[in-house]
Structures are given as C-alpha cells and as structure tokens.
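# Summary of structural features
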Amino acid sequence: MVRDVCGISADDFAYLARTITENSGRDRTTCFAYALGWTQHSLGAQFIRGAAILQLLLGNVGRPGSGIMALRGHASIQGSTDIPTLFNLLPGYLPMPSAGSHDTLAAYLHAVGSKAQKGFWADADAYVISLLKAWWGDAARADNDWAYDYQPRLTGAHGTYQTVTAMLADQVEGYFLLGQNPAVGSANGRQQRLGMAHLKWLVVRDLNLIESATWWKDGPEIASGELRTGDIATEVFFLPAASHAEKAGTFTQTQRLLQWRHKAIDPPGDCQSDLDFFYLLGQRIREKLADSTDERDRPLLDLTWDYPTDEHGNPGPEAVLAEINGYRRSDSGAREPLSSYTELRADGSTTAGCWIYTGVYADGINHAADRVPRGGPGPNQSEWGWAWPANRRILYNRASADPDGKPWSERKKCVWWDEERRQWVGDDVPDIVLDRAPGSRPDPDVGGPDGLAGDDPFIMQSDGKGWLFSPRGMVDGPLPTHYEPQESPVANLLYPQQQNPARVTFPRTDNLSAPSAGAPGSDVYPYVFTTYRLTEHHTAGGMSRWLPYLAELQPEMFCEVSPELAAERGLEPYGWATIISPRSAIEARVLVTDRMTPLVIAGRTVHQIGLPYHWGVGKDAIVSGDGANDLLGVTLDPNVQIQESKAACCDVRAGRRPRGADLLHLVADYQERSGATVATDNARITDPAREVVDPPSRKGK
C-alpha cells in the first residue's frame, strides 16, 4: 500500500524503516529534520503529527539527538512565531481571544489553561496577566480585568489569503508589507497583485524595490492588459529598511536558541530598523490622539511606550528585550529582572512581554549575547546564547531517564534523579519540577505543576503524558491519515474521501482547481509540479536577485524535468518550456535531470516538474523571470493556514509562453477544455453516499 500510494519501492521503504528502528533505542536516537516539503500541504500539520507519533513510539523524544527539527527558511522564523507575526497567536503561543467565546478574561483563561488540569499551562493566568501588564502598565488593574478588553478579538481567520480576498472585495483600505514579497512569494501571485490594486494605500518596507512595490508599473498584469497604471488608485509608499547588519537584536533559530546580533554599521540614508520605524510611528499616532476622548483610542494611549532613546530619538533594542524578559518592582520601585517563567504571578506584581523568554535577561544581563567558546565546558553548550524556556536545551528531557529517574543509557544521559540531593540534576536544565521524586503520585484532584507525577515528562500536557491520540488541538482529527492534495492525478487508495475534508478552500473564478483523480478533464493537466528553494537565492529574491554575485550563479528561472518527460513533451535541455495551471502560465528554461524521478503510483507513471520560486517580473532586480507561485492555487491546511505549495497539477509544452492578452487566452483555453469551475475539487465530502456524514442517533435518546 505504501508503495502504491507514495511511489516508493518496497525495498527502499523497508530500508528506511529498518534504519530508523535500528537507530532508536537505549544507546541510539533518531531525529527527524523536516522543511517546507512537509508543511506546505493541505494536511501538513498532520505530517508533523505523524512524525511525532513515530518518535514517541520509538523513544526519540526528550533525549539527546532525538526529536523533530524544523529546518527554517529564515534565520529567525522561530522568533517570528515566538513573538508572533501570526494572526491567531499572542506572544509565547498564547491563543488570540475569539469574539463570542472569550469575551471575558475568566472565559479566556479557562480555555487556555484550566486550574484543574495538570502541568504548566494551568499557570496561564500568570503568563497572560504579566503580558497585559507589559503592554498597558498602570492602566492594567484588577478592577478592569488587567485591561483585557483592550485586547482585540478574532472574528474568524485573518491570514494573508483571507486578507487578499477581502482586498478584492474592497474591504481593506491599507496594507503594510514588512520584509515580505507576496507578489512573488505567495500562492496565486496574480491574485495577490490584483488584490493590492484595490487598496487605497500600500506601505512596503524592504531593502530593495521588490515586485510588491512595483507591480503597478511593470507587473505581469500590466503586460497582459488586465491592469493599467493610470487606472490604479493605490498609493504606494516605499520606505527603505535596515538590513540585519545595520541593527541590533536577536535571531531565534529552530532549536529555540536566542542569539544576539550586534549592529555592525549604521543604516545608510533614510533606512530604518523596524524597531525605530514602529516606535516613531507609534509616537506620532499617540500625539495625534492625545486629546481624544474616544474609548477606542484608550488602548493606544495607555500603551507603555516608554523605552529609553538615544540622541536620535530611537529606542534601544536591549530595553525591549528586558521588557520581554519581564520584571517585578522592588520596594524602592526599581525594576528587578525575573529569572524564570515560574516567577510570574497572576496578581499584577510581575510584567513580561513573552513568558517563554523570561530568563533571557536574568540579573540584568543579556544572555542572548553569551559567547563562551564552544558553549562552555558542558555537553549542552548552555553558555552560548540562551534557549527558551529557562535556557533548557532539550524539551521534555525528563524522558531521557527511566521511570525510576535513571538514564536510559550512559551514552545518552541528560538529566537524572539525585537521591542524596533529592532533586533532578544533569547536563541540562531539568524539564520537571526540580524536587519531584520519580515515584511521587500527587492527589489526582490537584492541578497545575503540583499535579505532575514524578514520571510525567510532558509538563505542558494536561495529563503529563505524550499523546498518540490527540483529543484536541488538531482541527482535522485526532490521528493523522492519508489524503491526496487539492489537485492530484491519482485517487486516494485508502478511502473514498479524496482530499482533507477540513482543508480551507477559496472557490473563486480567480482560484480554479484542476480536476483530480481521473475525473473528466483531469488529462488536461496531467503532470504534478512542486516548488522549492535554491541555495543561491533567498525566498522571493529580495535579498539575492539584487546581488550580482548571487544573481549570476542562478540567473534564470528554470524547470526541472526527467529525461522521460522531456522526451514525452519534446523539451530540449536549456531551451524554453511553458507550464500551464488553471491559474496562470509561466515560462522557464529547461533543466533535464535524473533528480526528477517519475513515480509509479497505483500502477500509473506520474511525472513531476520542479520549480524554484525565487524569480518575479519587474525591472529593478538584476535578474528577473516568471514566478512559479503564479501557478499555485490557494488551499490551506486547517490547523495553521499554510498554503499547499508542494503539489499541484499542470501541463508543460515546449516553447515560450504567449505575451499580452494571448497569455490570458491560453489559460482560459485550458480551463475550458478541462471543464474547471468554482465547484471543481471543492466538495467537502468527496462521495457522501460512501461516508457516514451524520451518525445515527442512539435509541432512547
């Protein structure tokens, strides 16, 4: 079945399974390292969940050399989820409140972490109230629920793709783009650019004049005639940003390690760091609202916008890190930095901008800047940078010892119970209550950290255990299973349900899907394409296509095809190919390579086309080219709202694509021949007659 569904040979799968299991045991551990090849799917979160289940079963969690590591595409993507740029999170992975469900602080805290449950999420009240105090200071008081009503509420999903559809409906007036280039880097690039044409104003802060700042004058829709520069009412402001070498601050990588970066040089000209820009913008807004009596302005006016500034009026980044770390007030009123999240309190006496970072500024020292060579004498390198939480290098490391508190092996020891000292010790900061003996069994009615038993390694779970079956937290079910992507040339061999029934779809004429699984018209888009990155370029190209020494290494957009597909479609090495999807058509140079191995799935040969996505259409970069993401439709994973970028259907033919309106005619011709409509592939249940959609009611109820 694995062979028929995935295209891997039985021998290769047996080798893979044997290698992983033989390398998992008392003396050896296996780590799964994944990247966007797992995440950018309509069931990407369940792929990682599947890996987590395997690691739990194999004993590869909480031990040196174990776990699941996300290979991030940016130096600080981990940091941008810790201190989130995501619409549905607050700092430290606290969920954003939802309107109607979390209208009071009590309702919100009960949902985040009930006092009746085991583990440290039961202390969520301390994390939340300390955060509210960090934001609103003296205005956050017990008699107003610590200013909880200042906090906005979600009314649904507000991710980048929902925002773009709202733009197209003229429901969004203005947009800030900060270090991102959706005209190139987001799925369905045409939709992104057309959406920005509906705005009243657009602010782009970047290092270069990226395509998201110039689409209005030289984008693909200008060339096709869909947009005319003179008709576009969007006012675009380009504000130059400082690079990483021109500002100080932290990078947080996938191992949760905060590392301080010192500023090397001042930013040139009008370039500003994000910190300077938003601090000064906040000052200006507050000045304009200073005399306001409107209650909706109170959250802005009451913000603790009180960072010390230099001679240019810019705040110091270490002061921000100190605020994130948190503090309590001494009797004299001085700020005393906290050393651990366990010091946070729910009575308003502590302040912390992100509870998991508490300790990074312990004793008033910037521990993100710790630079002891080789990380110090210990094996966990604890004196290089600072890892959240509590400078703990391995999460759930109680699992590195057996139920009696003894290491599973001398080779893989990490923490252990010291009977003489009556506490946990070891090479890392123990991830358990320090004096909780291995055999202790608290009263089952006790909640919080006090409710954890001595052999409960998973201290953030409500029962202290690792979950094979997840009764909550996953939108699309408690156990992972297999579904095909939104577009697939093959049927799901496991179930009659073709796609993830919980996937987020956008049935629109500008977001059509190709017919799947042998449905009428599926032969019009017979091949699968996937997108990926190159070593020589950085994401949407804003930091690499403007650099001559990187641009010359990978100067042109290309597609990778197998020798078999090249022969089938008449593609010549280094010649041109046109790739067509239901959304758009692009051109690329042809690279014929054995890397793109045809897969045999369910007895059918499936050809893949590889497309790096770093190029975009514009005249400012040193190199430009058609954007791979223009081909993608928008379908999202229901858990994390990430787009499905790793599998979609297309056709490929030799030669360059048409220009002008002829490009639109080509795409429309394919849509018409395939019969694609807004209903194609967007049924929630593939075959209701073969599914128990509504369970029968119990007799006597």
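The sections below set out a description of the structure shown in this document. This is a predicted model, so every value here is computed, not measured. (Residues numbered from 1 in each chain as written. Predicted model: local features only at pLDDT ≥ 70, side-chain atom pairs only at ≥ 80, totals over all residues. Heavy atoms only, no water.)

### Here's the deal with the overall build of the chain
Put simply, the rule reads: For helices the rule is a DSSP run of H or I covering at least 4 residues; for strands it is a run of E covering at least 2, with both sets numbered from the N terminus onward. The reference for a compact globule is 2.2 Å times residues^0.38; the radius of gyration itself is calculated from the C-alpha atoms. Whether two residues touch is decided by their heavy atoms; if any such pair falls within 4.5 Å, the residues are in contact. Note on areas: Shrake-Rupley with a 1.4 Å probe; residue coverage comes only from the protein chains shown. A residue counts as positive if it is Lys or Arg and as negative if it is Asp or Glu; His and the chain ends are not included. Think of each charge as sitting on NZ of Lys, CZ of Arg, CG of Asp or CD of Glu.
Each helix and strand counted, the chain has 18 helices and 25 strands in total. Relative to the compact-globule value of 27 Å for 701 residues, the chain shows a C-alpha radius of gyration of 27 Å, a close match. Reported as C-alpha extents along the three principal axes, the dimensions of the chain are approximately 75 × 65 × 65 Å. Intrachain contacts of the chain at a sequence separation of at least 6 include 66% that bridge at least 24 residues. Accessible area for the chain stands at about 32700 Å²; split by element, carbon and sulfur atoms hold 54% of it. Seen as two clouds, the 67 positive and the 88 negative side-chain charges of the chain have centres 3 Å apart.

### Brief notes about helix H8 (residues 160-168)
Rule in force here: Type-normalised accessible area, obtained with a 1.4 Å probe on protein chains alone, sets the label of each residue: buried when under 20%, exposed when over 50%, and partly exposed for intermediate values.
The buried count for H8 comes to eight of nine residues, which makes it a mostly enclosed element. Elements in contact with the buried residues of H8: strand S5 (174-178), helix H10 (189-196), strand S16 (504-505) and strand S24 (635-636). Positioned one or two residues after H8, aspartate 170 has a phi angle of 60 degrees, which is positive.

### Things to note about the pairing of strand S8 (residues 249-252)
If a strand is regular, its side chains alternate between the two faces of the sheet. Short version of the rule: Only when DSSP finds a minimum of two bridges between them are two strands counted as paired.
With four bridges joining them, S8 and strand S9 (residues 257-261) adopt antiparallel strand pairing. Bridged to threonine 250 within S9 is tryptophan 260. Between S8 and S9, which pair antiparallel and follow one another directly, the connecting turn spans four residues, one of which, arginine 256, has a positive phi of 65 degrees.

### A word on the side chain of threonine 214
Within the secondary structure layout, threonine 214 lies in helix H11 (residues 211-218). Residue classification places threonine 214 among the buried residues on the basis of a relative accessible area of 3%. Apart from residues no more than four positions distant in its own chain, threonine 214 is found in contact with Leu209, Gly219 and Asp620.

### Digging into a nonpolar patch on the surface
Operational definition: Excluding any residue in a salt bridge, patches collect residues exceeding 30% relative accessible area, merging like charges within 9 Å and nonpolar Val, Leu, Ile, Met, Phe, Trp and Tyr side chains within 5 Å. Every case where a carboxyl oxygen of Asp or Glu lies within 4 Å of a side-chain nitrogen of Lys or Arg is listed as a salt bridge.
A cluster of nonpolar residues, Phe176, Leu178, Trp201, Phe237 and Phe278, forms a patch on the protein surface that exposes about 390 Å² of accessible area. The residue phenylalanine 176 is located in strand S5 in this model.

### With respect to the pattern of salt bridges
Counted under the stated rule, the structure contains 32 salt bridges. Its salt-bridge partner being lysine 118, residue aspartate 456 comes within 2.9 Å of it at the nearest N-O pair. Placement of the pair is aspartate 456 in the loop between strand S15 (423-426) and S16 and lysine 118 in the loop between helix H6 (105-112) and helix H7 (124-136), with a sequence separation of 338 residues. Ionic pairing is found between aspartate 231 and arginine 228, a salt bridge with its closest N-O pair at 2.9 Å. Of the two residues, aspartate 231 and arginine 228, both sit in the exposed class. Among the charged side chains, a network of salt bridges with common partners joins Lys115, Asp123 and Asp125.

### Some points on the sheet that holds S9
Read from one edge to the other, the open sheet built from three strands follows the order S8-S9-S13, with strand pairing classed as antiparallel. Two strands lie at the open edges of the sheet, namely S8 and strand S13 (386-387), each paired on one side alone.

### Some points on the state of the cysteines
Here is the rule: Disulfides are defined as pairs of cysteine sulfur atoms found within 2.5 Å of each other.
Applying the stated criterion across every chain, the model contains zero disulfides. No disulfide involves cysteine 649; its sulfur sits 7.4 Å from that of cysteine 650, the nearest cysteine.

### Some details on the sheet that holds S5
Heads up, the condition is: A fitted line through C-alpha atoms serves as each axis, taken over the contacting stretch for helices, and the angle formed by two N-to-C directions is quoted from 0 to 180°.
Read across the open sheet, the three strands follow the order S5-S6-S7; overall the sheet is parallel. The open sheet has two edge strands, S5 and strand S7 (235-240), and neither has a second partner. In this sheet, adjacent strand axes meet at a mean angle of 15 degrees when their direction is disregarded. In the sheet, strand S6 (residues 201-206) pairs with S7 via six bridges, with the strands oriented parallel. The partner of aspartate 206 across the bridge, within S7, is proline 240.

### Examining the pairing of strand S14 (residues 415-418)
Where S14 meets S15, four bridges bridge the pair, whose relative direction is antiparallel. In the strand pairing of S15, tryptophan 417 is matched with tryptophan 424. Adjacent in sequence and paired antiparallel, S14 and S15 are bridged by four residues, among which arginine 422 carries a positive phi angle near 55 degrees.

### Overview of the environment of glycine 113
If you trace the backbone, glycine 113 turns up in the loop between H6 and H7. A relative accessible area of 7% places glycine 113 in the buried class. Separated by 335 residues in sequence, glycine 113 and glycine 448 place their C-alpha atoms 9.0 Å apart. Apart from residues no more than four positions distant in its own chain, glycine 113 is found in contact with Trp121, Ala122 and Ala124.

### Let's talk about the side chain of serine 409
Just so we agree on the cut-off: Nitrogen and oxygen atoms within 3.5 Å of one another constitute a polar contact, given that in protein one can donate a hydrogen and the other can accept it, and given that sequence-neighbouring residues count only through two side-chain atoms.
Mapped onto the fold, serine 409 is located in the loop between S13 and S14. A distance of 2.8 Å separates a polar side-chain atom of serine 409 from the backbone oxygen of arginine 26. In contact with serine 409, not counting residues within four places along its chain, are Arg26, Asp27 and Arg63.

### A word on the nonpolar core
Let me state the cut-off plainly: To form a nonpolar core, buried Ala, Val, Leu, Ile, Met, Phe, Trp, Tyr and Cys residues must be joined to one another through side-chain atoms within 4.5 Å.
Among the nonpolar cores identified, the biggest contains 47 residues, and Leu94, Tyr127 and Trp355 are the most heavily contacted of them. Where this core is concerned, the elements lending two or more residues are H6, H7, S9 and helix H15 (317-325). Among the elements that line this core, the one with the most residues is H7, at eight residues. Excluding its chain neighbours within four sequence positions, the residues that come into contact with tryptophan 355 are Pro91, Gly92, Leu94, Trp121, Tyr127, Tyr341, Leu344 and Met460. Counting residues in each nonpolar core, the second largest holds 34 residues, with Tyr161, Cys559, Leu565 and Leu632 among its members.

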